[in-house]
Amino acid sequence: MPSAMIDTIVGPLSVTEQDGAIIRLSWQQEGADRTELLGRAIEQLRAYFAGELTRFDLPLAVAGSDFQRAVCDAMFAIPFGETRTYGDIARDLKAPPQPIGNACGANPIPVIIPCHRVLGANGLGGFSGAGGVETKVTLLKHEGAAGLLI
C-alpha cells in the first residue's frame, strides 16, 4: 500500500492510502510514495500544522464495525479548536462511554480524524498515538483548545 511521510511537531507521521482513500495515519518513518492523494494528504497535514487548515478534505476509509465508523464520524465532526467528551459522543450515539473510548483509541487515522479533541469528563482521557497524552496536549495547544485544561 502506498504511503508517504511528513515530519511534524508531534513527530514523523506516515499516511497510507488504499483504493483511493486514506486508511491509516501512524507515527512511523516510512513511505516515500508519490500519488496524487498522498500528495494532497501531506499538503493538508503541512497546512494543518502551519495553522492554515482547520478541516481536512480527504477521502477516508475507516476499517472496522459500523460502530467504529460512527464514532470516527462523530470525532471528525468536532470543529477545530473545540472538544467534546466521551459522554457527549455516547449520548449522541446512544451508547455507553467506555466503548466510545475504546473506539477512539482504535481510530486508524488520528489527527485527520481528531480523536485528540475527545476528553474524559474529568480530565484529558487517553491518546493512543506516539507520546500518549503529551501528544494529545500538544495537538490541543496547537488548536488553541487547551486553555481550560492546561
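Residues numbered from 1 in each chain as written. Predicted model: local features only at pLDDT ≥ 70, side-chain atom pairs only at ≥ 80, totals over all residues. Heavy atoms only, no water.

## Some points on the sheet that holds strand β2 (residues 11-18)
Phase 1 of the analysis: Spatial strand order, β1-β2-β3: three strands in an open sheet with antiparallel pairing. Sheet topology places β1 (3-8) and β3 (21-26) at the edges, where each strand pairs with a single neighbour. Across this sheet, the average inter-strand angle for adjacent strands is 25°, counted without regard to direction.
Phase 2 of the analysis: Relative to β2, β1 runs antiparallel, the two being bridged by six bridges. (Pairing = 2+ DSSP bridges. Helix = DSSP H or I, 4+ residues; strand = E, 2+ residues; numbered from the N terminus. Axes fitted to C-alpha atoms, helices over the stretch in contact; angles between N-to-C directions.)

## Looking at the side chain of S3
Phase 1 of the analysis: On the secondary structure map, S3 appears in strand β1.
Phase 2 of the analysis: Of the residues examined, S3 reaches a relative accessible area of 8% and is grouped as buried. (Buried < 20%, exposed > 50% of the residue type's maximum accessible area, 1.4 Å probe, protein only.)

## Regarding the pattern of salt bridges
Phase 1 of the analysis: Counted under the stated rule, the structure contains five salt bridges.
Phase 2 of the analysis: Of the charged contacts, one joins E43 and R46 as a salt bridge, the two residues approaching to 2.6 Å between their closest N and O atoms. Remark: R46 and E43 occur in helix α1 (residues 36-49); sequence separation between them is three residues, near one turn of the helix.
Phase 3 of the analysis: For E43, a relative accessible area of 46% puts it in the partly exposed group. (Salt bridge = Lys/Arg side-chain N within 4 Å of Asp/Glu carboxyl O.)

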